[in-house]
Amino acid sequence: MSSQDPQGHHRRGPLRITVPSRNDAFLRSLVGAIGGPLGRRTEPGVVSPGFWRVERVLLVIVTVFGLLAVLSKDVCRQNGWGGAQNAFVGMCYSDWTALWGGRGFAADPWAPFTGSSGEPFEYPVLMSGIASVVSLLVPRSLEPGQQLLAYFDINTFLAVALWAVVVLAVAKSSGRRIWDAAIVAASPAMLFALTVNWDMWAVAMLALGLLALGREHPWLAGALIGLGAATKLYPALALGALLVIAIRTGIYKPFFKVAAGAAAAWLVVNVPFAIASFDRWWTFYSFSGSRGAGNSSVYQAWDLSVGRWLPALQTTPSAITIIGFAAFALACLGILALGITAPQPPRVASLVFLVVAAFVLVGKVYSPQFVLWLVPLAALAYPRWRALLTWQLFEVAHFAGIWMYLYMHSGDENAKGRFPDELFVLLILGHMVSLGWICFLVVRSVLRPETDPVRRVGLVDPLGGLFAGRDAYPPKRPAPAPMPGARHAAPLTAPVAVPVGVVPLGAGAPAEAPGTPPAVVPSLEDAPSLEGAADAAPVPDAAPAADAPLPLAGEERPGTEPGDHPSGS
């Protein structure tokens with residue numbers, strides 16, 4: 001584990017990690033039957049766990065959930081993806097298998113680039129390349145049905161591997177809250193949505209980009225974000241969140257580096273294909289602009305409810321484009337206002353999550369695999385098990401509902417009357433309202449830092465080291481009232497930054513001798529962090545007051561432990 005001193009030099013030291021069974025009220029209530037939370041005299045992160053380090057346990061969890069993801073699609077793996085009953089009732093539909101023949105991969109692995117299939121591949125360039133490279137791995141000596149199964153299985157294996165990469169990236173991006181990555185590793189929503197599309201490639205690139213940002217490598221972070229945007233457009237939204245952080249802190253240089261790196265990586269991937277075949281390159285953007293109300297969007301819910309009662313109010317593609325852009329612009333302005341008016345500079349993960357969630361909520365389509373975008377960001381922005389599992393249960397219910405809705409409209413005679421559209425509308429509203437609730441919790445944690453689970457354990461921002469140390473919009477501080485009988489108020493004394501691991505003389509402990517290992521300070525993880533009203537109760541030293549000065553880059557917060565610098569790992 002490492003931390004930094006105020007001069008920015010890395011130093012080694014023990015970093016006690018946060019224990020979920022002590023820190024999270026929901027998990028604490030679950031472990032009572034198996035002996036209760038981990039003992040308070042333990043020192044996880046300081047005492048070596050031997051072989052079973054946290055990262056290895058997380059990989060085991062991902063492996064188990066990956067196997068469950070494969071088993072959940074076994075209906076189609078055994079019986080094929082042909083027919084609506086297998087793909088929809090079995091909840092194992094996948095774009096991988098639908099596009100294998102539909103976009104010509106069976107006959108030509110490079111169909112998106114050669115145009116041999118006659119059907120354009122409506123995805124960005126890098127995703128087209130990924131789909132083509134994977135199709136090259138399928139043995140052409142197999143029977144057609146076995147080729148389709150092989151294409152699905154290879155994509156599934158890669159998706160599970162990417163899931164593991166995302167989990168490790170979240171773990172390394174969480175500072176001493178490394179166990180928050182288990183929210184991603186054991187995600188029921190990701191389990192079901194994993195094999196719908198190639199989105200995990202973009203999810204992994206954004207997760208690695210945020211990790212690089214936390215490790216203070218802005219050019220690498222930008223390159224990874226740019227590659228993610230060349231795979232699926234949404235990683236580029238992270239640049240908007242970083243711009244808000246830059247405006248709030250007045251530190252613009254890291255943002256410009258990240259943005260330049262992202263633009264360079266995106267151009268390197270896109271320009272050659274755009275020059276070679278502009279029409280095929282433009283397919284994704286023209287398709288996105290001209291499409292109407294997509295599945296599970298708020299516009300589809302409107303058309304299936306109000307639009308049926310009042311046909312004149314049915315949406316049109318042009319109206320949805322205007323409304324969607326306007327709504328997203330307003331949401332971004334709100335996030336900017338939040339970032340400027342918050343009592344402290346918001347955490348990077350909080351703003352990235354809010355921007356992506358706003359994009360999903362007002363977008364033309366809310367595909368079931370979009371939850372893959374959100375879960376890792378939510379685990380970094382608001383790592384509370386009860387809230388995130390509740391939201392994911394709504395997402396799983398919606399996942400089942402969308403396939404039943406598509407089965408109802410597939411033309412199968414057996415499907416008629418089995419799943420009313422009104423129920424599907426309720427499921428759409430359910431997964432949107434539940435996501436809106438998570439957004440509310442994140443906004444509350446920004447406006448009231450004492451409710452932020454990350455700041456409650458003494459961390460400032462594990463991903464924000466490049467922007468640390470300044471605040472261009474500090475909250476206004478009331479002038480101190482003069483003491484009765486005094487002619488002049490005593491001047492305020494500025495706080496003095498203390499190097500990491502050094503205890504000032506006269507502070508109740510002797511100064512450390514040179515070469516003495518830094519002592520482990522008692523952790524704040526044991527402070528109760530109940531959700532709801534109890535979670536709002538301030539915890540001593542868990543977060544600075546609104547008028548407290550910002551810590552310098554790498555400066556230790558009161559009550560934290562050595563190694564809690566944002567870029568520490």
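Cut-offs used in this document
Residues numbered from 1 in each chain as written. Predicted model: local features only at pLDDT ≥ 70, side-chain atom pairs only at ≥ 80, totals over all residues. Heavy atoms only, no water. Core = buried A, V, L, I, M, F, W, Y, C linked by side-chain atoms within 4.5 Å. Buried < 20%, exposed > 50% of the residue type's maximum accessible area, 1.4 Å probe, protein only. Helix = DSSP H or I, 4+ residues; strand = E, 2+ residues; numbered from the N terminus. Contact = heavy atoms within 4.5 Å. pLDDT = per-residue confidence, 0-100. Phe/Tyr/Trp six-rings, centres within 6.5 Å; stacked < 30°, edge-to-face > 60°. Patch = residues over 30% accessible without salt bridge, like charges linked within 9 Å, V, L, I, M, F, W, Y side chains within 5 Å. Areas by Shrake-Rupley, 256 points an atom, 1.4 Å probe, with all protein chains shown as cover. Salt bridge = Lys/Arg side-chain N within 4 Å of Asp/Glu carboxyl O. Axes fitted to C-alpha atoms, helices over the stretch in contact; angles between N-to-C directions. Left-handed = near helix turned anticlockwise from the far one by under 90°. Nonpolar A, V, L, I, M, F, W, Y, C, P; charged D, E, K, R; others polar. Expected span 1.5 Å × (residues − 1). Parallel < 35°, antiparallel > 145°, perpendicular 65-115°, else oblique. Polar contact = N/O pair within 3.5 Å; in protein donor to acceptor, adjacent residues only side chain to side chain.

Caption draft 1: Summary view of the nonpolar core. Counting residues in each nonpolar core, the largest one holds 138 residues, and the members touching the most others are Trp163 and Phe353. Among the elements that line this core, the one with the most residues is helix H9 (residues 144-172), at 15 residues. For Trp163, the contacting residues outside a window of four places in its chain are Val62, Phe65, Gly66, Val184, Ala185, Ser187, Met190, Leu191, Leu194 and Met200.

Caption draft 2: The confidence of the model for the protein, seen in detail. When the pLDDT values of the protein are averaged, the result is 81; 76% of them are 70 or greater. Scored below 50 in pLDDT, residues 1-13 shows 40 contacts in the model against residues more than four places distant or in partner chains. Low pLDDT, under 50, characterises residues 485-569; the stretch is placed with 169 contacts to residues that sit more than four places away or in other chains.

Caption draft 3: Local environment of the packing of aromatic side chains. On inspection of all chains with the given rule, the structure shows 30 aromatic pairs. When the centroid spacing of 6.2 Å and the interplanar angle of 75° are considered together, the rings of Tyr123 and Trp198 count as edge-to-face. Highlighted residues: Tyr123 in the loop between helix H7 (111-114) and helix H8 (125-136) and Trp198 in the loop between helix H11 (188-193) and helix H12 (199-214), separated in sequence by 75 residues. Side by side, Tyr123 and Trp198 carry an identical accessibility label, which is buried. With a centroid separation of 5.2 Å and 45° between ring planes, the pair formed by Trp281 and Tyr285 is classed as tilted. You can see Trp281 and its partner Tyr285 sitting in helix H16 (residues 278-290), 4 residues apart, about one turn around the helix.

Caption draft 4: Region of the structure containing a nonpolar patch on the surface. A cluster of nonpolar side chains, namely Phe51, Trp52, Val60, Val64, Leu68 and Leu71, defines an oily patch on the protein surface of about 610 Å² accessible area. Residue placement: Leu71 occurs in helix H3 (residues 54-71). In this structure Leu71 comes out as exposed when scored by relative accessible area, which is 58%.

Caption draft 5: Highlighting unusual backbone geometry. For Met91, which is not glycine, the phi dihedral falls at a positive 50°. Note on placement: Met91 falls in the loop between helix H5 (84-89) and helix H6 (95-102). Given a relative accessible area of 26%, Met91 falls into the partly exposed group. One non-glycine residue, Glu216, lies in the positive phi region at around 65°. As for its position among the elements, Glu216 is in the loop between H12 and helix H13 (218-231).

Caption draft 6: Region of the structure containing the packing of helix H20 (residues 348-362) against helix H21 (residues 371-381). Relative orientation of the contacting elements H20 and H21 amounts to 150°, with a least axis distance of 8 Å. Judged by the sense of rotation from one axis to the other, the crossing of H20 with H21 is left-handed. Along the contact surface, H20 presents Ala349, Ser350, Val352, Phe353, Val356, Ala357, Phe359 and Val360, while H21 presents Trp373, Leu374, Leu377, Ala378, Leu380 and Ala381. When the residues that make up the contact of H20 with H21 are grouped by side-chain class, the tally is 13 nonpolar, 1 polar and no charged.

Caption draft 7: Representation of H8 within the structure. Given a rise of 1.5 Å per residue, 12 residues ought to cover 16 Å, and the 17 Å separating the end C-alpha atoms of H8 matches this to within 8%. Summarising burial for H8: 9 of the 12 residues are buried, a large majority. For H8, the full list of buried residues reads Val125, Met127, Ser128, Gly129, Ile130, Ala131, Ser132, Val134 and Ser135.

Caption draft 8: Main features of the environment of Val457. Tracing the chain through its elements places Val457 in the segment after helix H23 (421-447). Its relative accessible area of 1% is what places Val457 among the buried residues. For the pair Val457 and Thr18, spaced 439 residues apart in sequence, the C-alpha separation works out to 7.8 Å.

Caption draft 9: Examining the packing of H13 against helix H15 (residues 253-276) more closely. Viewed as axis vectors pointing N to C, H13 and H15 meet at an angle of 40°, and their least axial separation amounts to 6 Å. The orientation of H13 with respect to H15, classified from their angle, is oblique. Of the two possible hands of crossing, H13 and H15 adopt the one that is right-handed. Residues Pro218, Trp219, Gly222, Ala223, Ile225, Gly226, Leu227, Ala229 and Ala230 of H13 lie in contact with H15, whose contacting residues are Pro254, Lys257, Val258, Ala260, Gly261, Ala262, Ala265, Trp266, Val269 and Asn270. Among the residues making up the contact of H13 with H15, the classes are represented as 14 nonpolar, 4 polar and 1 charged.

Caption draft 10: View of the side chain of Ser296. By the secondary structure assignment, Ser296 is in the loop between H16 and helix H17 (298-304). Owing to a relative accessible area of 0%, Ser296 belongs among the buried residues under this scheme. Of the polar contacts made by the side chain of Ser296, one reaches the side chain of His398; its length is 2.5 Å. With residues near it in sequence (within four places) discarded, Ser296 still touches Tyr366, His398, Ile402, Phe424, Ile428, His431 and Met432.

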